[in-house]
Amino acid sequence: IWKIVYVGFVLFLMFAALLSDKIGADLVMVGALTLCMVSQIITVEEGLSGFANEGVLTVLALFIVAAGISHTGALDWYMGNLLGRPKSTAAAQLRLMLPIAIISAFLNNTPVVAVMIPIVQRWGKNIGVSPQQLLVPLSFASILGGTCTLIGTSTNLVVA
């Protein structure tokens, strides 16, 4: 019975930490996993087995590439020229959605969105459109493009 109480307490702490938003979600989840492994509720092998999944490792590798591209600013100039200077918010959203849908059809959509968020935020400020009005179309276009091929979405990547 102590295991049930312990796991309930860990879950409570985990949800409280997630709701407080003072610690990153990744650290909270790894911390909860560590607490369960330290107390031997799950073995170390069981706790780490999820990280050995090919789909998870592929998405992790794509996030590393996305971070590199984002930090170098390599795509800022290209995307700025591709997206141009639309006159209205609706035009900006449409100009954003088409290339993102095409890119997401051939690349995993999660890293595409991760790379594009800072670029879209800077582009929105440059053209005078609130970046918040561009982020949801970015996400929707990525999802739409990702469902067109087997390699576009994380779900399809894991299933394949």
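Keep in mind the model is a prediction, meaning the values are calculated, not measured. (Residues numbered from 1 in each chain as written. Predicted model: local features only at pLDDT ≥ 70, side-chain atom pairs only at ≥ 80, totals over all residues. Heavy atoms only, no water.)

1. Some details on the overall build of the protein
So, step 1. The helix and strand tally for the protein stands at 9 helices and 0 strands.
So, step 2. From first element to last, N terminus to C terminus, the protein shows the α and β order α-α-α-α-α-α-α-α-α.
So, step 3. Considering only C-alpha atoms, the protein reaches an extent of 65 × 35 × 25 Å along its principal axes.
So, step 4. With 160 residues in all, the protein has 29% of them scored as buried.
So, step 5. Considering only contacts within the protein whose residues lie at least 6 apart along the sequence, 62% involve residues at least 24 apart.
So, step 6. For the protein, the accessible area works out to roughly 10200 Å², and carbon and sulfur atoms hold 71% of it.
So, step 7. Looking at the protein, you have 7 positive and 6 negative side-chain charges, and the mean spots of the two groups are 22 Å apart. (Helix = DSSP H or I, 4+ residues; strand = E, 2+ residues; numbered from the N terminus. Buried < 20%, exposed > 50% of the residue type's maximum accessible area, 1.4 Å probe, protein only. Contact = heavy atoms within 4.5 Å. Areas by Shrake-Rupley, 256 points an atom, 1.4 Å probe, with all protein chains shown as cover. Lys, Arg positive; Asp, Glu negative; His and termini not counted. Charge placed at Lys NZ, Arg CZ, Asp CG, Glu CD.)

2. Describing the environment of F140
So, step 1. Looking at the element boundaries, F140 is found in helix 8 (residues 132-146).
So, step 2. Separated by 103 residues in sequence, F140 and M37 have C-alpha atoms that sit 38 Å apart.

3. So, the packing of helix 5 (residues 76-83) against helix 6 (residues 89-106)
So, step 1. The geometry of helix 5 relative to helix 6 is characterised by a closest axis approach of 10 Å and an angle of 120° between their N-to-C directions. Between helix 5 and helix 6, the angle is such that the two are oblique. Counting all contacts with helix 5, which are made through M79, L82 and L83, the residues of helix 6 involved are R95, L96, P99 and I100.
So, step 2. Split by residue class, the contact of helix 5 with helix 6 holds 6 nonpolar, no polar and 1 charged. (Axes fitted to C-alpha atoms, helices over the stretch in contact; angles between N-to-C directions. Parallel < 35°, antiparallel > 145°, perpendicular 65-115°, else oblique. Nonpolar A, V, L, I, M, F, W, Y, C, P; charged D, E, K, R; others polar.)

4. A word on the side chain of S142
So, step 1. For S142, the position within the fold is in helix 8.
So, step 2. A polar atom in the side chain of S142 sits 3.3 Å from the backbone oxygen of N109.
So, step 3. Residues within four places of S142 in sequence aside, it is in contact with I100, S104, N109 and V113. (Polar contact = N/O pair within 3.5 Å; in protein donor to acceptor, adjacent residues only side chain to side chain.)

5. Notes on the nonpolar core
So, step 1. Ranked by internal contacts, the top residues of the largest apolar core, which has 19 residues, are L96, I100, M116, W123, L134 and L138.
So, step 2. Elements with a minimum of two residues in this core: helix 5, helix 6, helix 7 (109-127) and helix 8.
So, step 3. Ranked by the residues each element gives to this core, the list is headed by helix 7, at 8 residues.
So, step 4. Setting aside residues no more than four positions away along its own chain, L134 makes contact with A92, Q93, L96, V120, W123, G124 and V129.
So, step 5. One finds M14, A17, V28 and C36 within the second-largest nonpolar core, a separate group that totals 6 residues. (Core = buried A, V, L, I, M, F, W, Y, C linked by side-chain atoms within 4.5 Å.)

6. As for the environment of N53
So, step 1. When you line up the elements, N53 lands in the loop between helix 3 (44-49) and helix 4 (54-72).
So, step 2. When its relative accessible area of 36% is taken as the criterion, N53 is described as partly exposed.
So, step 3. In the structure, N53 is positioned 69 residues away from R122 in sequence and 35 Å away in space, judged by C-alpha atoms.

7. What to know about the confidence of the model for the protein
So, step 1. Averaged over all residues, the pLDDT of the protein is 84; the fraction at 70 or higher stands at 93%.
So, step 2. The lowest-confidence element of the protein is helix 9 (residues 154-159), averaging 53 in pLDDT; the highest-confidence one is helix 1 (residues 2-20), averaging 94. (pLDDT = per-residue confidence, 0-100.)

8. Thoughts on a nonpolar patch on the surface
So, step 1. Together, V44, L48, F51 and V56 make up an exposed nonpolar region whose accessible area comes to about 350 Å².
So, step 2. When you line up the elements, V56 lands in helix 4.
So, step 3. For V56, a relative accessible area of 40% gives the class partly exposed. (Patch = residues over 30% accessible without salt bridge, like charges linked within 9 Å, V, L, I, M, F, W, Y side chains within 5 Å. Salt bridge = Lys/Arg side-chain N within 4 Å of Asp/Glu carboxyl O.)

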